Amino acid sequence: MLLVKLGFLLPVFVVCGQLYLFAVTRQGVEKQDYCRGVGIGYFTIGTVSLVSRDVYFTFGGLILIMLGLRLIAHGLDRLDKQIFIDRHEGSSKD
């Protein structure tokens, strides 16, 4: 039974890794869209796999949730990094 579970999970993680690398290597708005979409998908699949009380699927789900949150964060990255949040132009002290 262990070989069947690992035989199922290993190809799933290989495909997930390929999708992760595909989404991260895009540029601009395309990167934001792909990262957000794949990240939400990973987060959803990871949450659903937590329902299974099996150790392998639970750890696999946690890994997918972490990858999903990381991809969502990549998708929220700003395109133009000219404006910094910690600097306000109106409050210059001379």
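Further up the page is the structure itself.
Residues numbered from 1 in each chain as written. Predicted model: local features only at pLDDT ≥ 70, side-chain atom pairs only at ≥ 80, totals over all residues. Heavy atoms only, no water.

1. Re the packing of aromatic side chains
Next up, step 1: By the definition in use, this model includes 2 aromatic pairs.
Next up, step 2: Taking the centre distance of 6.1 Å and the plane angle of 65° together, the rings of Phe 8 and Phe 57 count as edge-to-face. You can see Phe 8 sitting in helix H1 (residues 2-24) and its partner Phe 57 sitting in helix H3 (residues 55-75), a full 49 residues away along the chain.
Next up, step 3: Where Phe 22 meets Tyr 34, the ring centres are 5.1 Å apart and the plane angle is 75°; that geometry is what we call edge-to-face. Separated by 12 residues along the polypeptide, Phe 22 in helix H1 and Tyr 34 in helix H2 (residues 28-49) bring together distant segments of the chain. (Phe/Tyr/Trp six-rings, centres within 6.5 Å; stacked < 30°, edge-to-face > 60°. Helix = DSSP H or I, 4+ residues; strand = E, 2+ residues; numbered from the N terminus.)

2. Considerations on the side chain of Ser 49
Next up, step 1: When you line up the elements, Ser 49 lands in helix H2.
Next up, step 2: A polar contact is formed between the side chain of Ser 49 and the backbone nitrogen of Gly 61, at a distance of 3.5 Å.
Next up, step 3: Aside from chain neighbours lying at most four places away, what touches Ser 49 is Phe 57, Thr 58 and Gly 61. (Polar contact = N/O pair within 3.5 Å; in protein donor to acceptor, adjacent residues only side chain to side chain. Contact = heavy atoms within 4.5 Å.)

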